[in-house]
Amino acid sequence: MTLESLSSWALTAYFVVLSLVCVYAAHRYFLVYLFYRWRNRRPVPKARFQELPWVTVQLPMFNERYVAERIISQACAIDYPRDRLEIQVLDDSTDDTQQIAQAAVERMRAAGRNIVYVHRDSRVGYKAGALEEGLKTARGEFIAIFDADFLPPPQILHETIHYFTDERVGMVQTRWAHLNRDVSLLTQAQAVLLDGHFLIEHTARNRSGRFMSFNGTGGVWRKAAIIDAGGWQHDTLTEDLDLSYRAQLRGWKFVFLPELTSPAELPPEMTAFKAQQHRWTKGGAQTCVKLLPQVLRSSAGWRVKLEAFFHLTSCVVYVLIVLLSVLVGPALYAKLYQRGPDPPWQIALEFVLFLIGFGAPLIFYVLSQRLLRQSWVDSFKYVPALMAVGVGIAFNNALAALEGFFGQTGEFVRTPKFGAEVRRKGVWRQRLGGFHHRRSWQTWAELGMAFYLTICMLGLFGFDNWQQRVSGAIPFLLIFVLGYYYVAFQTLYTQWCSRRLATTQNR
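Figured I'd write up the structure that's included with this text. Being a predicted model, the structure only gives us computed values, none of them experimental.

1. Examining the sheet that holds strand S1 (residues 55-61)
Then comes step 1: Taken in spatial order, the 7 strands make up an open sheet running S3-S2-S1-S4-S6-S5-S7, and their pairing is mixed. Sheet topology places strand S3 (115-119) and strand S7 (253-264) at the edges, where each strand pairs with a single neighbour. Sheet twist, expressed as the average angle between the axes of neighbouring strands with direction ignored, equals 20°.
Then comes step 2: Helix H4 (residues 126-137) contacts S1, strand S2 (85-91) and strand S4 (142-145) of the sheet and is inclined by roughly 145° relative to S2.

2. Side note on the side chain of Arg222
Then comes step 1: Position of Arg222 relative to the elements: it lies in strand S6 (residues 219-222).
Then comes step 2: Buried and unpaired, Arg222 has no salt bridge, with Glu141 as the nearest side chain of opposite charge at 4.2 Å.
Then comes step 3: Only 3.0 Å separates the side chain of Arg222 from the backbone oxygen of Asp166, close enough to count as a polar contact.
Then comes step 4: Only 2.8 Å separates the side chain of Arg222 from the backbone oxygen of Val169, close enough to count as a polar contact.
Then comes step 5: Sequence-distant contacts of Arg222, defined by excluding residues within four places in its chain, comprise Glu141, Phe142, Phe164, Asp166, Glu167, Val169, Gly170 and Trp252.

3. Some points on a nonpolar patch on the surface
Then comes step 1: Taken together, the side chains of Phe351, Val352, Phe354 and Leu355 present a nonpolar region at the surface, about 370 Å² in accessible area.
Then comes step 2: Its location among the elements puts Val352 in helix H12 (residues 344-357).

4. Topic: the nonpolar core
Then comes step 1: Counting residues in each nonpolar core, the largest one holds 65 residues, and the members touching the most others are Val57, Leu59, Ile72, Leu157, Trp221 and Trp232.
Then comes step 2: Each residue touching Trp232, except ones within four places of it in the same chain, is listed here: Ala128, Leu131, Glu132, Leu135, Ile145, Phe214, Trp221, Ile226, Glu239, Asp240 and Leu243.
Then comes step 3: Phe15, Leu336, Val391 and Tyr485 belong to the second largest nonpolar core, which has 41 residues in total.

5. Regarding the pairing of strand S5 (residues 169-178)
Then comes step 1: Within S5, 10 of the 10 residues are buried, leaving the element largely enclosed by the surrounding structure.
Then comes step 2: Here S5 pairs with S7 via 9 bridges, running parallel. By the bridge assignment, Val169 is partnered in S7 with Lys253.

6. So, the packing of aromatic side chains
Then comes step 1: On inspection of all chains with the given rule, the structure shows 26 aromatic pairs.
Then comes step 2: Centre to centre, the rings of Phe395 and Trp441 are 6.2 Å apart; their planes meet at 80°, and the pair counts as edge-to-face. Note that Phe395 is positioned in helix H16 (residues 394-406) and Trp441 in helix H17 (residues 440-460), a separation of 46 residues in sequence.
Then comes step 3: Under the relative-accessibility criterion, Trp441 is labelled partly exposed at 48%.
Then comes step 4: In textbook terms, an aromatic cluster arises when at least three aromatic residues are bridged by ring pairs, as seen for Phe150, Trp176, Phe198, Phe256 and Trp280.

7. Remarks on the side chain of Glu446
Then comes step 1: On the secondary structure map, Glu446 appears in helix H17.
Then comes step 2: Those residues in contact with Glu446 that lie beyond four places of it in its chain are Lys274, Gly392, Phe395, Asn396, Tyr484, Val487 and Ala488.

8. Focus on the pattern of salt bridges
Then comes step 1: In the structure shown here, the tally under the stated rule is 22 salt bridges.
Then comes step 2: The partner of Arg84 in a salt bridge is Glu51, and the shortest N-O contact between them spans 2.3 Å. Placement of Arg84 in the loop between helix H2 (68-76) and S2 and of Glu51 in the loop between helix H1 (3-38) and S1 is noted, with a sequence separation of 33 residues between them.
Then comes step 3: When the shortest N-O distance is used, the salt bridge between Lys282 and Glu403 registers 3.5 Å. With Lys282 in helix H9 (residues 270-297) and Glu403 in helix H16, this residue pair connects regions lying 121 residues apart in the sequence.
Then comes step 4: Exposure remark for Glu403: the relative accessible area of 22% places this residue in the partly exposed category.
Then comes step 5: Three or more residues are tied together by salt bridges with common partners; here these are Arg28, Glu201, Arg205 and Glu307.

9. Some words on the packing of helix H13 (residues 359-371) against helix H15 (residues 383-392)
Then comes step 1: Two numbers describe how H13 lies on H15: the axes approach to 10 Å, and their chain directions differ by 120°. Taken together, the axes of H13 and H15 are oblique relative to one another. Seen from above, H13 lies across H15 with right-handed handedness. Here Pro361, Leu362, Tyr365 and Val366 of H13 lie close against H15, whose contacting residues are Val383, Leu386 and Met387.
Then comes step 2: Along the lines of polarity and charge, the residues of the contact of H13 with H15 split into 7 nonpolar, no polar and no charged.

10. Examining helix H11 (residues 316-337)
Then comes step 1: When the terminal C-alpha atoms of H11 are compared, their 31 Å separation across 22 residues agrees well with the 32 Å that a helix rising 1.5 Å per residue should span.
Then comes step 2: Helix geometry: H11 is bent most strongly at Leu327, by close to 40°, with proline Pro330 lying one to four residues after it.

What counts and how
Residue positions are counted from 1 within each chain, in the order its sequence is given. Under the rules for a predicted model, residues below a pLDDT of 70 receive no local features and side-chain atom pairs below 80 are neither given nor counted, while totals for whole chains, interfaces and linings still include all residues. Where side-chain values are given, they derive from all heavy atoms of the structure, hydrogens and water being excluded. Criterion used throughout: strands pair if DSSP finds at least two bridges between them. For the purposes of this entry, the term helix denotes a DSSP run of H or I that reaches at least four residues, the term strand denotes a run of E that reaches at least two, and both are numbered from the N terminus. Axis definition: a line fit to C-alpha positions, over the contact stretch in the case of helices; interaxial angles, taken between N-to-C directions, run 0 to 180 degrees. Contacts are residue-level and defined by heavy atoms, with any inter-residue pair within 4.5 Å sufficient. Exposure classes here rest on a 1.4 Å probe applied to the protein chains alone. A residue is buried below 20% of its type maximum, exposed above 50%, and partly exposed in between. Here the positive residues are Lys and Arg and the negative ones are Asp and Glu; neither His nor the chain ends is included. When a carboxyl oxygen of Asp or Glu is within 4 Å of a side-chain nitrogen of Lys or Arg, the pair counts as a salt bridge. Any pair of nitrogen or oxygen atoms within 3.5 Å is treated as a polar contact; in protein, a donor-acceptor pairing is required on top of that, and neighbouring residues in sequence qualify only through side-chain atoms on both sides. Patches draw on residues past 30% relative accessible area with no salt bridge. Two like charges within 9 Å are joined, as are two nonpolar side chains (Val, Leu, Ile, Met, Phe, Trp, Tyr) within 5 Å. All accessibility values rest on the Shrake-Rupley procedure with a 1.4 Å probe; residue burial counts only the protein chains present in the view. Only buried Ala, Val, Leu, Ile, Met, Phe, Trp, Tyr and Cys residues count toward a nonpolar core, and they belong to the same one when joined by side-chain atoms within 4.5 Å. Centres within 6.5 Å make a pair out of two Phe, Tyr or Trp rings, where for Trp the six-membered ring is used; the pair is then stacked when the planes are under 30 degrees apart, edge-to-face when over 60, and tilted otherwise. Put simply, angles under 35 degrees are roughly parallel, angles over 145 are roughly antiparallel, angles from 65 to 115 are roughly perpendicular, and the rest are oblique. Rotating anticlockwise by less than a right angle from the far helix to the near helix defines a left-handed crossing, while the corresponding clockwise rotation defines a right-handed one. Under the scheme applied, nonpolar residues are Ala, Val, Leu, Ile, Met, Phe, Trp, Tyr, Cys and Pro; charged residues are Asp, Glu, Lys and Arg; polar residues are all the others, including Gly. What a helix is expected to span follows from its residue count: subtract one and scale by 1.5 Å. A residue's bend is the angle separating two fitted axes: one through the seven residues that end there, the other through the seven that start there.

Structural data, given as structure tokens:
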């Protein structure tokens, strides 16, 4: 194979992969369109309960020593008639969280709260298994679920329960707010990412009649809907997404309330963020394999099916980004070696792909920040960081997607929580608790990808025609380089902090 043919192959492969990435990016434009078309279709309760129904609040937790007492106290502060409210602390912990949670439960029970402590010696089914165990004895007709790092507002049940006067409503989801948004660049990027997911995606899907997902916490379920859909199942790592699709395939209606927020903690350090992203991505791929064929065979309309396809296969983007990272160097060198001016079709294609690939996420996430009444400066300034983190985490998530499509269910790895004080910078370093990223080789692979892209970028400047041929690609290549460096070095730093903490504690 000649150098010319090899260059032509690299450039063609690059454009094919980039075009596939842009197909999913263009879907962002479509979600923005749906949002604007249906944004005024605000849900309203069909009626109001004359007598408030029984509600069970479930608090699943596993080794949450820094936040267990807080969530128990916060749940007990929910404004709802005590003779209609039950709280279940579903604790699978193996550390001193057991003692902390039990003591908090006893104090609240002594204060007159209807609260029970449920501990399992086995983590069968992980979070899904704990929720299913609690459901067996739950007295409530409705089930509210809050993870240990959440702070449900006191009025949350009064604000959500009346939507269930419509007997077709199976679940009501609130929007996540962020307790530690301003701690670091990483938490700022995550906040923008989640704001886009909730404010644009959820609103667009829910108000246009497409399927949306329960986010695992910060929502209320009708117990009958859970049972009718087949209950909590643990053959995927995203039991929330799995149950959501099964319930909606059974005809249950969901309601999303973007104005009602449930504040929660964002992972402040990279290994926790990676663990969370790996679980979400792998579970999404598993749910895709499990349920997408059922969705496509169902009686749902083609619009619902098309949106479900993009939703459930979205994890493929990470695999495509890794392929793009490998191909971008050879593709740019192919352009440098290309004889004569670029063909008009190639110039037009590059322009269109730029508008889609860069413009779609920019508009999507800037819009979400404007909806939060951020200034234009604040709306724009964290988008480059978000794009860099999105690229840098791609290797982690690509592995997760491949494991989800072709591997076994795997272990539910909890996201470490560090407590309210994490809003002060650096507190997490004293609270790592020995949490390690399990794939040390993966970090070096991410660093290797950063070195590879750095060499590719620096090598371009050795060509006399680089300004005419590839200068427009340099800023985007720089985002790739910085993204991989940031994720790799942040992971190494966190691992170093964890080892140092463990050494100090063992002295």
